[in-house]
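# Breakdown of the fold
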Amino acid sequence: MTFILLFAGLALLLLGADKLVDSSVAIAKRLNISDFIIGITIVGMGTSAPELFISTASAIEGKGDLALGNVIGSNICNTLLILGVT
């Protein structure tokens with residue numbers, strides 16, 4: 001039963017993400033925004049969303065040090081990954 005719920009949740013997550021991206025692209029196309037800007041914005045928001053949710057949840061629970069550590073660690077990791085790729 002647990003595996004069924006896990007796979008159902010993953011399927012709903014994928015469908016929701018697909019719908020979100022398609023809707024965002026449609027809105028941006030109506031506003032005559034270039035494909036490059038649309039792509040960068042979607043990737044940037046997608047990679048920053050988990051840190052935003054964790055930081056917000058930890059700040060609400062009064063654990064500001066976890067929120068700060070998450071932001072600093074994420075920025076260090078992203079910077080080093082980008083430098084490594086280039």
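Refer to the structure presented above.
In short, a report on the structure. (Residues numbered from 1 in each chain as written. Predicted model: local features only at pLDDT ≥ 70, side-chain atom pairs only at ≥ 80, totals over all residues. Heavy atoms only, no water.)

## Considering the overall build of the chain
Regarding its fold elements, the chain presents 3 helices and 0 strands. Taken from the N to the C terminus, the helices and strands of the chain come in the order α-α-α. A compact globule built from 86 residues would reach a C-alpha radius of gyration of about 12 Å, whereas the chain, at 17 Å, exceeds it by more than 25%. Based on the C-alpha atoms only, the size of the chain along its principal axes is roughly 45 × 40 × 30 Å. For the chain, the proportion of its 86 residues judged to be buried stands at 8%. Carbon together with sulfur atoms contributes 76% to the accessible area of the chain, which is approximately 7,100 Å² in total. Side-chain charges of the chain comprise 4 positive and 6 negative groups, with the mean position of each set lying 10 Å from the other. (Helix = DSSP H or I, 4+ residues; strand = E, 2+ residues; numbered from the N terminus. Rg over C-alpha atoms; globule rule 2.2 N^0.38 Å. Buried < 20%, exposed > 50% of the residue type's maximum accessible area, 1.4 Å probe, protein only. Areas by Shrake-Rupley, 256 points an atom, 1.4 Å probe, with all protein chains shown as cover. Lys, Arg positive; Asp, Glu negative; His and termini not counted. Charge placed at Lys NZ, Arg CZ, Asp CG, Glu CD.)

## So, the packing of helix 1 (residues 2–30) against helix 2 (residues 35–60)
Packing of helix 1 against helix 2 brings their axes to within 10 Å, and their N-to-C directions diverge by 145°. Once helix 1 is placed against helix 2, the crossing between them reads as right-handed. Residues Val 21, Ser 24, Val 25, Ala 28 and Lys 29 of helix 1 pack against Asp 35, Ile 38 and Ile 42 of helix 2. Looking at the contact of helix 1 with helix 2 residue by residue, the classes come out as 5 nonpolar, 1 polar and 2 charged. (Axes fitted to C-alpha atoms, helices over the stretch in contact; angles between N-to-C directions. Left-handed = near helix turned anticlockwise from the far one by under 90°. Contact = heavy atoms within 4.5 Å. Nonpolar A, V, L, I, M, F, W, Y, C, P; charged D, E, K, R; others polar.)

## Here we look at the environment of Ile 40
Examined against the element boundaries, Ile 40 turns out to sit in helix 2. Under the relative-accessibility criterion, Ile 40 is labelled partly exposed at 46%.

## Observations regarding helix 3 (residues 64–85)
In a regular helix each residue adds 1.5 Å, so 22 residues correspond to 32 Å; helix 3 covers 32 Å between its end C-alpha atoms and thus fits that length. For helix 3, the complete set of buried residues consists of Ala 67, Asn 70 and Ser 74. One side of helix 3 holds all its buried residues, which, seen down the axis, span an arc of 55°. The exposed residues of helix 3 that point more than 90 degrees off its buried face are Asp 65, Leu 68, Leu 80, Leu 83 and Gly 84. (Expected span 1.5 Å × (residues − 1). Arc of directions from axis to C-beta.)

## Concerning the side chain of Ser 58
Structurally, the position occupied by Ser 58 is in helix 2. A polar atom in the side chain of Ser 58 sits 3.1 Å from the backbone oxygen of Ser 55. In this view, Ser 58 contacts Lys 63, Gly 64, Leu 66 and Ala 67; residues no more than four positions away in its chain are not counted. (Polar contact = N/O pair within 3.5 Å; in protein donor to acceptor, adjacent residues only side chain to side chain.)

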